[in-house]
Amino acid sequence: MANKKLVIKVTAGADAPERCSQAFTVAAVAVASGVEVSLWLTGESTWFALPGRAAEFELPHAAPLPDLIEGIRAGGGTITVCTQCAARRDIEEQDLIEGARIAGAQVFVSEAMADGAQALVY
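Here is a short report on the structure shown in this document. Since we're looking at a predicted model, the values are computed, not measured.

1. Re the sheet that holds strand β5 (residues 117–121)
Taken together, the five strands give an open sheet; going across it, the order is β4-β3-β2-β1-β5, and neighbouring strands pair in parallel fashion. On the outer flanks of this sheet lie β4 (100–103) and β5, each paired with one strand and no other. Ignoring which end each strand starts from, the neighbouring axes of this sheet average 25° apart. Of the strand pairs in this sheet, strand β1 (residues 5–10) and β5 are connected by five bridges, and their pairing is parallel. Each residue of the ladder has a partner; that of V7, found in β5, is A119. Most of the contacts of helix α1 (residues 17–32) go to β1, to which it runs at about 165°, and overall it touches β1, β2 (36–41) and β5. Packing of helix α4 (residues 105–112) onto the sheet brings it into contact with β1, β2, β4 and β5, and relative to β1 it is tilted by some 140°.

What follows is the structure in structure tokens.
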């Protein structure tokens, strides 16, 4: 799995908790398995890039979102917030959790189209 990269775009937040949780879970498991992971937060999942917001997310029988995010970050995964999604929510780069960034579609496409990359959308 050395040259593999997984690009995951999560389009749901608390509005679709199972889909949201699946994306974060797959990202965390992939990082723990040694896969290079780039997690993109779009739509309502954008809010989870703000300090403390992931702790508000609850889903029975699912790993806590803050734990999954910490696992992704600790394992070297990147977390990116969609530029337009951030702008629509008045979120700026300095508002984000440590290590998160804001980037647009051009960066997403570049990552998704890289050799050895696999893209998933939740």
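2. Quick notes on the packing of α1 against helix α2 (residues 65–74)
In contact at an axis separation of 8 Å, α1 and α2 are set at 35° when each is read in the N-to-C sense. For α1 against α2, the interelement crossing comes out left-handed. Taken together, the residues of α2 that come into contact with α1 (itself represented by S21, F24, T25, A27, A28 and V31) are L65, L68, I69, G71 and I72. Tallied by class, the residues present in the contact of α1 with α2 amount to eight nonpolar, three polar and no charged.

3. Side note on the pattern of salt bridges
Counted by the stated rule, this structure contains six salt bridges. Put simply, R101 and E111 hold a salt bridge, and the shortest N to O gap is 2.5 Å. With R101 in strand β4 and E111 in helix α4, this pair connects stretches of sequence that are 10 residues apart. Given a relative accessible area of 11%, E111 falls into the buried group. Within the structure, one salt-bridge network assembled from shared partners comprises K5, E36, R101 and E111.

4. Section: the pairing of β4
One ladder, built from four bridges, connects strand β3 (residues 78–82) with β4; its direction is parallel. Each bridged residue has a counterpart across the sheet, and for V81 the counterpart in β4 is I102. In this region the chain leaves β3, passes through helix α3 (residues 83–88) and returns to the parallel neighbour β4; the handedness of that crossover is right-handed.

What counts and how
Residues numbered from 1 in each chain as written. Predicted model: local features only at pLDDT ≥ 70, side-chain atom pairs only at ≥ 80, totals over all residues. Heavy atoms only, no water. Pairing = 2+ DSSP bridges. Helix = DSSP H or I, 4+ residues; strand = E, 2+ residues; numbered from the N terminus. Axes fitted to C-alpha atoms, helices over the stretch in contact; angles between N-to-C directions. Contact = heavy atoms within 4.5 Å. Left-handed = near helix turned anticlockwise from the far one by under 90°. Nonpolar A, V, L, I, M, F, W, Y, C, P; charged D, E, K, R; others polar. Salt bridge = Lys/Arg side-chain N within 4 Å of Asp/Glu carboxyl O. Buried < 20%, exposed > 50% of the residue type's maximum accessible area, 1.4 Å probe, protein only. Right-handed = clockwise from strand over helix to strand, strands pointing away.

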